[in-house]
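What follows is the residue order along each chain.
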Amino acid sequence: MGEVVATPTGNTDTAARPWHRAENALAGALLALTALLPLAEGAGRLAGVGNLIPGSIPLVQHLTLLIAVVGGAIAARDRKLLALSTATFLPERFKEPARVASAMVGVSVCTCLAYGSWTFAMVEREAGDIVAFGLPVWVFVWAMAPGFAVLGLRMAWTSSPSLAGRAICLAGVIVPVALASWESLGELPLLQYGALALLGSAVLGMPIFAVIGGLAALLFWYEYTPVTAVPLAAYQLSGQPLLPAIPLFTLGGYILAEGGASQRLVRVFSTWLGWLPGGLAVTTTVAFAFFTSFTGASGVTILSLGGLILPVLVKSRYSREFSLGLMTASGSIGLLFPPSLAVILYGVYSRTPLNELFLGGLIPGCLLVALVAAWGVRHGRIAERGQRKFEPAQARAAMREAKWELLLPLVVIGGIFSGIATLVEAAAVTVLYAFVIECFVHHDLSLRTGLPKLAVECCTLVGGVLLILGVALGFTNYLIDAQVPDLALEWVQSHIESKLVFLLALNILLLIVGCMMDIFSAILVVVPLIAPMAAAYGVDPVHLGIIFLANLELGYLTPPVGMNLFLASYRFGIPLTKVYRSVVPFLLILFGGVLLITYLPFLTLALVR
């Protein structure tokens, strides 16, 4: 899974700060426009005056493409691009050479993608298509070219503090130039060598987008298809009408997490559930699930709530190991609840109705929360000996204080399911609602300092995710062109006859995928492979979606490289081996829950059908 890496010292040069501030301001402006345009669109429709801003929908979709470019550049600047965490196991003296080697390959990939984007932009310039307000399509496409170039330069710059190390990385530009001039592609097994170099670099810490994008470019190139195919696929993301919901819901979650919503909600759950045996553990599980549904499976919940909850758990006589495991496991447990970004993306890409996916995920999501909470109750009977009484007055007071945050899910879900607002408009309403609550009702968030900071953090995360989605779509297009899903289906049907055996094999496959790949790229790469197989065995599409997401949720806890494991280690300063031990009971419990979800389809389909 991906790892969030701290900003290196070499990236804070005084001369670069004005440029950094300009990037940050651009990121904030893009997010603001992406939120304001859908709000205007929805307001005009509800007022009966029609579309207030003609062309706003395609413009917002293309603004999301720019968010990917700018956010990716900032993520590279701050070394926060999602990457495998395996390089952290290397001895200290090998870490810098590993970064240099992987960055050299990354520079090669970025050079290919930048050239392909520039070529694609020139083609679009000849076509002369317009997005809105006279803005040509080719301008947005062209933005990808300098974007990938900046990514390559920053990967080289942050790989080493020495000029020699950075120069070695930049030498990666030579590789695609040499390959482009190679006349006899079949004389050497270049495909095998290239794939090994990319996979080896992934293990050494090269960002996931470069791994997937490099594999896609290499495969297309070996089939004599222009490398433009990968940027073309990335641009196709801007044609997805629901894509802007990803940055908007993420921004809303960041605003809630950065403000005082976490303390207010924890107090609500504590006053209402704290009287139960293990009430504090139950409170932790429910609070984490609530926040994860808005922030997505990005680890934001662990980073924002972890420091608040851990001291309280330890003070209440829960063991430190149990407390660490509980928070690490709960950090992605709300993945199935609306308005989860993972559910949205799965629905968009698999063409499964979102309302059915959200309904289908309610009971399985509650089951997983209940399993973790039940394990907390077991430990709480021992730890919380002085069990407190339920205080109705305190519970009502906590609800009054947090009433605006508690109403937010009803506003979002009600708007979507009632048809009053589209998904993107509901996401924009989430941003506006959270902004008003935290800045003007509770005054927990500063307009001058807090809001710009979290806008940059949001854009950084979203940019890294969208980069992966774009290149993953290119890789998926190659798989489809090469008829890989059909071949995989034929092989599976010839070796597996039972539907039950197929589902078990699917669980094992998805568990492996979940611990090695982030959920967003897994949706684009893996779903096209498993969807036709599941259909052949009569698996309901909604059931398949919940199986997929529940397994990937479990992958966040799976050693050795589950994302939540590294985030917990980073947040609490605890060695990874101790984090591994702390999550083992929760991993086994949740795996049992995933099996129940898999083999009892009525849990998913009861509300849908």
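Quick notes on the rules
Residues numbered from 1 in each chain as written. Predicted model: local features only at pLDDT ≥ 70, side-chain atom pairs only at ≥ 80, totals over all residues. Heavy atoms only, no water. Helix = DSSP H or I, 4+ residues; strand = E, 2+ residues; numbered from the N terminus. Rg over C-alpha atoms; globule rule 2.2 N^0.38 Å. Contact = heavy atoms within 4.5 Å. Lys, Arg positive; Asp, Glu negative; His and termini not counted. Charge placed at Lys NZ, Arg CZ, Asp CG, Glu CD. Patch = residues over 30% accessible without salt bridge, like charges linked within 9 Å, V, L, I, M, F, W, Y side chains within 5 Å. Areas by Shrake-Rupley, 256 points an atom, 1.4 Å probe, with all protein chains shown as cover. Salt bridge = Lys/Arg side-chain N within 4 Å of Asp/Glu carboxyl O. Phe/Tyr/Trp six-rings, centres within 6.5 Å; stacked < 30°, edge-to-face > 60°. Buried < 20%, exposed > 50% of the residue type's maximum accessible area, 1.4 Å probe, protein only. Lys NZ or Arg CZ within 6 Å of the ring centre and 35° of its normal. Axes fitted to C-alpha atoms, helices over the stretch in contact; angles between N-to-C directions. Parallel < 35°, antiparallel > 145°, perpendicular 65-115°, else oblique. Nonpolar A, V, L, I, M, F, W, Y, C, P; charged D, E, K, R; others polar. Left-handed = near helix turned anticlockwise from the far one by under 90°. Core = buried A, V, L, I, M, F, W, Y, C linked by side-chain atoms within 4.5 Å. Arc of directions from axis to C-beta. Expected span 1.5 Å × (residues − 1). Bend = angle between axes of the 7 residues up to and from the residue. Polar contact = N/O pair within 3.5 Å; in protein donor to acceptor, adjacent residues only side chain to side chain.

### Quick word on the overall build of the protein chain
Each helix and strand in the protein chain was counted, giving 28 helices and two strands. What you see for the protein chain is a C-alpha radius of gyration of 24 Å, in line with the 25 Å of a compact globule of 609 residues. If one aligns the C-alpha atoms of the protein chain with their principal axes, the spans along those axes are about 80 × 60 × 55 Å. At a minimum sequence separation of 6, the contacts of the protein chain that also span at least 24 residues come to 82%. Placing the 33 positive and 31 negative side-chain charges of the protein chain at their respective mean positions leaves the two points 17 Å apart.

### What to know about a nonpolar patch on the surface
Judged by side-chain polarity, Trp-404, Leu-407, Leu-410, Val-411, Val-429, Leu-432, Val-436, Phe-440, Val-441 and Leu-447 come together as a nonpolar surface patch covering roughly 810 Å² of accessible area. Those elements that place two or more of their residues in the nonpolar patch are α19 (403–418) and α20 (423–441). With five residues, α20 is the single largest residue contributor to the nonpolar patch. In this fold, Val-441 is placed in helix α20.

### Some words on the packing of aromatic side chains
The full count for this structure, using the stated rule, is ten aromatic pairs. Ring geometry for Tyr-346 versus Phe-548: centroids 5.5 Å apart, planes at 40 degrees, classification tilted. Of this pair, Tyr-346 sits in helix α16 (residues 341–350) while Phe-548 sits in helix α25 (residues 541–555), and the two are 202 residues apart along the sequence. This pair shows no difference in class: Tyr-346 is buried, exactly as Phe-548 is. An aromatic cluster of three or more residues is present, and its members are Phe-269, Phe-290 and Phe-291. A cation over a ring is seen here: Arg-166 above Trp-157, with NZ or CZ 3.4 Å from the ring centre.

### Some words on the packing of helix α2 (residues 56–77) against helix α21 (residues 450–481)
Between α2 and α21, the shortest axis-to-axis distance is 7 Å and the interhelical angle comes to 105 degrees. With respect to their mutual orientation, α2 and α21 come out roughly perpendicular. Residues Thr-64, Ile-67, Ala-68, Gly-71, Gly-72, Ile-74 and Ala-75 of α2 touch α21, and the partners they reach there are Val-456, Cys-459, Thr-460, Val-462, Gly-463, Leu-466 and Leu-467. Considered class by class, the residues forming the contact of α2 with α21 number nine nonpolar, five polar and no charged.

### Thoughts on the packing of helix α12 (residues 261–273) against helix α18 (residues 392–401)
Across the interface, α12 lies against α18 with an axial gap of 9 Å and an inter-helix angle of 155 degrees. Judged by the angle between their axes, α12 and α18 are roughly antiparallel. Taken as a pair, α12 and α18 cross one another with a handedness that is left-handed. Where α12 abuts α18, its residues Arg-264, Arg-267, Val-268, Thr-271 and Trp-272 lie against Gln-394, Ala-395, Ala-397, Ala-398, Met-399 and Glu-401. Each residue belonging to the contact of α12 with α18 can be placed in one class, and the counts come to six nonpolar, two polar and three charged.

### Structural notes on the nonpolar core
Met-144, Phe-209, Leu-469, Phe-502 and Phe-548 are the most contacted members of the largest nonpolar core, which totals 193 residues. Of the residues forming this core, the biggest block, 18 residues, is contributed by α21. In this structure, Met-144 is in contact with Leu-65, Val-69, Ser-117, Phe-120, Pro-231, Ala-234 and Tyr-235, ignoring residues within four places of it in sequence. If you look at the next biggest cluster of nonpolar residues, it comprises five residues, including Val-100, Ala-103, Val-107 and Ala-156.

### Some thoughts on the environment of Phe-120
Within the secondary structure, Phe-120 is located in helix α3 (residues 92–127). Along the primary structure Phe-120 and Trp-138 are separated by 18 residues, whereas in three dimensions their C-alpha atoms are 8.2 Å apart. Those residues in contact with Phe-120 that sit more than four places away from it in its chain are Val-141, Met-144, Thr-228, Pro-231, Leu-232 and Tyr-235.

### With respect to helix α6 (residues 163–170)
Buried residues of α6: Gly-165, Arg-166 and Cys-169, and no others. Burial along α6 is one-sided: seen end-on, the buried residues are contained in an arc of 95 degrees. Turned more than 90 degrees from where α6 packs its buried face, Leu-163 and Ala-164 sit exposed. The elements touched by buried residues of α6 are α3 and α5 (144–159).

### Side note on the pattern of salt bridges
Under the criterion given, the structure shown has eight salt bridges. Across the pair Asp-78 and Arg-77 runs a salt bridge whose closest N-O atoms are separated by 3.1 Å. Judged by its relative accessible area of 13%, Asp-78 falls in the buried class. Between Arg-264 and Asp-444 there is a salt bridge, and its shortest N-O distance comes to 2.6 Å. One end of the pair, Arg-264, is in helix α12; the other, Asp-444, is in the loop between α20 and α21, and 180 residues separate them in sequence. On the basis of relative accessible area, Arg-264 is assigned to the buried category, the value being 7%. Judged by its relative accessible area of 34%, Asp-444 falls in the partly exposed class.

### Some details on the side chain of Ser-340
Tracing the chain through its elements places Ser-340 in the loop between α15 (320–330) and α16. Not counting residues within four places of it along the chain, the set of residues in contact with Ser-340 comprises Ser-293, Leu-335 and Phe-358.

### Section: the environment of Trp-118
Within the secondary structure, Trp-118 is located in helix α3. Between the C-alpha atoms of Trp-118 and Leu-357, which are 239 residues apart in sequence, the distance is 38 Å. Apart from residues no more than four positions distant in its own chain, Trp-118 is found in contact with Trp-142 and Ala-145.

### Examining the environment of Ile-255
Within the fold, Ile-255 resides in helix α11 (residues 245–258). In sequence terms Ile-255 and Tyr-433 are 178 residues apart; their C-alpha atoms lie 9.8 Å from each other. With residues near it in sequence (within four places) discarded, Ile-255 still touches Val-431, Ala-434, Phe-435, Glu-438, Leu-445, Leu-451 and Leu-454.

### What to know about helix α24 (residues 519–536)
Between the first and last C-alpha of α24 there are 24 Å, a value that for 18 residues agrees with the 26 Å anticipated at 1.5 Å per step. For α24, the principal kink sits at Val-527 and spans about 50 degrees; a proline, Pro-528, occurs within the next four residues. Burial analysis of α24 places 13 of its 18 residues in the buried class, the great majority of the element. Phi turns positive one or two residues past the end of α24, at Gly-538, with a value near 75 degrees.

### Examining the side chain of Thr-158
Within the secondary structure layout, Thr-158 lies in helix α5. By relative accessible area, Thr-158 is classed as buried at 12%. Of note is the side chain of Thr-158, whose polar atom sits 2.8 Å from the backbone oxygen of Arg-154.

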